Structure formats: C-alpha cells, structure tokens
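Geometric and topological summary
Spelled out, the chains give:
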Amino acid sequence: MEQDYRLFIEKVKRKTGIDLSLYKETQMKRRLTSLYQKKGFHSFQEFFQGMERDRELLYAFLDRMTINVSEFYRNRKRWDVLEEKIIPRLLSKNRNLKIWSAACSTGEEPYTIAMVLSNFLPLSEIKILATDLDENAIQKAKIGAYQERSLQEVPEQMKRKIFFKDQNHYLIHEEVKRTVTFKKHNLLADPFDKNFDLIVCRNVLIYFTEEAKNSLYKKFSASLKPGGVLFVGSTEQIFNASQYKLEPIETFFYQKIE
Ligand SMILES: C[S@@+](CC[C@H](N)C(=O)[O-])C[C@H]1O[C@@H](n2cnc3c(N)ncnc32)[C@H](O)[C@@H]1O
C-alpha cells in the first residue's frame, strides 16, 4: 500500500475510530481520491490536514466513505421469503423476537422489517434494534421522511398502513417508528449484543476486506441464538458457512446451527 494512503488510514483511525484498512482498498481509495480532488487537494496527507481544520470536510469524508443508498423492500423477492418462510418459522418457536438491522442506513431496512412483522404481530409487540456507523443517516432514519422513489417496492396496502403524506414526503407513522430503536454502532470496532433471533445485515459486507468479513461472520454467528437467522444482501452469499456454525436455509438466509 502506498505511503500517502497508509498514513491517512492511521490518522483517520486515531481521529474517528474508523479503520479504513478493513475496507476494500481499490474501491475506497477511488471514492476518496475523487472527493479530495474535487475539493482541490493533491494528496491524502493534504486532505487530512484540511479535515483537521474544517469540520465540513470531515463530514464530507464521512459521507463519501459510508455509502447510504437504501430502499424499502430492497430485492423484494428476498423479503417475500422472509415473510413467507423465515418469520413463521421463527415465530413458531418464540413470539418475542429479538431483531437487529445492522448497518441500517437511513431506516428503510428496519422499517421494512417492521412492515413484514406487522402482518403477524401488533405493532406494540414489535421491537427492532437498528444501528449504523453514520450518525447523519441515523438522524434521517429517526425523522422517517422519504421520497416516493424509495417506496417503489412497498405493497400498496402497506403504503397506506405505514406512511402518511405531506407535500413532498412519505412520513412513517409514530407507532411504526416506536418499533425501532436506533443507535450508533461500528461493526468493525464495537461489541455485539447477544441472543438475536434475526440479524439483517445487507449491502455493507461487500465493502469490507475478506479478513474483516470473516471476523464479522464469526461475530454474527456468536450473536445469534441457536436456530436464529442471518439475512444478508443479494451479492453477499457466504461460502463455506458451516465454518461459522451457519447453515444456508434459503438463498441469502443462514441459520445458526443448533
Ligand atoms: C449501502 S448502505 C446499506 C443499507 C441497508 N442495509 C440496505 O441494504 O439497504 C451501507 C451502510 O453501511 C454503513 N456502514 C459502513 N461501514 C460501517 C461500519 N463499519 N459499521 C456500521 N455501519 C457501517 C454505512 O454508513 C451505510 O449506511
């Protein structure tokens, strides 16, 4: 790894606790280089000095490195599998499900989980933990105001049940918001809670190195109850899942071996 980027990684880690060396290098470097060039800098070192002086630049960096793209029912067919197969299976053992949406971005994912569960349980019985590294995204998630384009996959009847409309946005009803607790959490640094029935972690592992992914699968597995399920993104199949005490039960769903 070239010196300029290596030193930048060290300094960013000291300043923010974020370890860029655990993210795929080529991709991350390309994203950050185009940002610093746009801001008029010529090297990572110069860019870091800029970030020390100007908080706005630090925010721009955080915004660029956390890719917040999300939508409700992202890869809709997978959510149908969750609803038709996985949730009934989990509920047959226990009605009090402990659920975590890890790297939840601006909230579309945990609110989708709430929508799916609302077909089985009253909203007052639904509890979802939702975490992300990016405080800005969490703030937006808590506000719960969305553009029509992120609702494209939401079933019509669910749209009416979960959202109300103001002039420009679809807003999440308060009693739906209450089902989700949002917290800041760094998957690559912070401890994991235990005893989850369902962990949904989608479209973030693709940004991490193989080594980081490997250690995360171990940690997710340790955080699941026996029989609990990990739901990953549609490009994030786990090879050799059994080494993590996980077993594929549907495409992109892995059950902790009992
Ligand atoms: C592309 S979004 C995925 C959102 C949602 N899970 C989905 O599938 O639509 C990736 C999210 O991962 C978060 N992220 C990146 N690195 C992280 C880390 N180390 N710990 C927790 N979240 C992280 C980003 O802030 C971003 O919100």
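It should be emphasised that the depicted structure is a prediction, and the values quoted were computed from it without experimental measurement.

1. Section: the site of the ligand
- As a structural note, the neighbourhood of the ligand is formed by 22 residues, with T66, S70, A103, S105 and N203 the closest of them.
- Among the residues forming the shell around the ligand, the class breakdown is 9 nonpolar, 7 polar and 6 charged.

2. Comments concerning the pairing of strand 7 (residues 196-201)
- Within strand 7, 6 of the 6 residues are buried, leaving the element largely enclosed by the surrounding structure.
- Sheet topology places strand 1 (residues 99-102) next to strand 7; 3 bridges connect them, and they run parallel. For W100, the partnering residue across the bridge sits in strand 7 and is I199.
- The pairing of strand 7 with strand 8 (residues 224-232) spans 5 bridges and is parallel. Residue pairing for strand 8: F196 is matched across the bridge by L224.
- A crossover connection joins strand 7 to the parallel strand 8 through helix 10 (residues 210-223); in handedness this β-α-β unit is right-handed.

3. A closer look at the domain arrangement of the chain
- For the chain, the assigned domains are domain 1 (3-65) and domain 2 (76-256).
- Between domain 1 and domain 2, the contact holds 8 residues from the first and 8 residues from the second.
- Its residues assigned to classes, the side of domain 1 that touches domain 2 comprises 4 nonpolar, 2 polar and 2 charged.

4. Considerations on the sheet that holds strand 10 (residues 253-256)
- The 7 strands are arranged 6-2-1-7-8-10-9 in an open sheet whose pairing can be described as mixed. Looking along the sheet, the strands with just one partner apiece sit at the ends: strand 6 (180-184) and strand 9 (246-250). Here the strands of the sheet are splayed against their neighbours by 25° on average, with no regard to which way each runs.
- In terms of strand pairing, strand 9 meets strand 10 through 4 bridges, oriented antiparallel. Considered in strand 10, the bridge of P248 is made with Y254.
- Contacts from helix 5 (residues 76-91) reach strand 7, strand 8, strand 9 and strand 10, with the element oriented near 170° to strand 8.
- Against the sheet, helix 7 (residues 135-143) engages strand 2 (128-132) and strand 6, with an angle of about 165° to strand 6.

What counts, and where the lines are drawn
- Residues numbered from 1 in each chain as written.
- Predicted model: local features only at pLDDT ≥ 70, side-chain atom pairs only at ≥ 80, totals over all residues.
- Near = placed C-beta within 6 Å.
- Nonpolar A, V, L, I, M, F, W, Y, C, P; charged D, E, K, R; others polar.
- Buried ≥ 20, exposed ≤ 12 C-beta atoms within 10 Å, placed from the backbone.
- Helix = DSSP H or I, 4+ residues; strand = E, 2+ residues; numbered from the N terminus.
- Pairing = 2+ DSSP bridges.
- Right-handed = clockwise from strand over helix to strand, strands pointing away.
- Domains from an automatic or database assignment.
- Contact = placed C-beta atoms within 7 Å.
- Axes fitted to C-alpha atoms, helices over the stretch in contact; angles between N-to-C directions.

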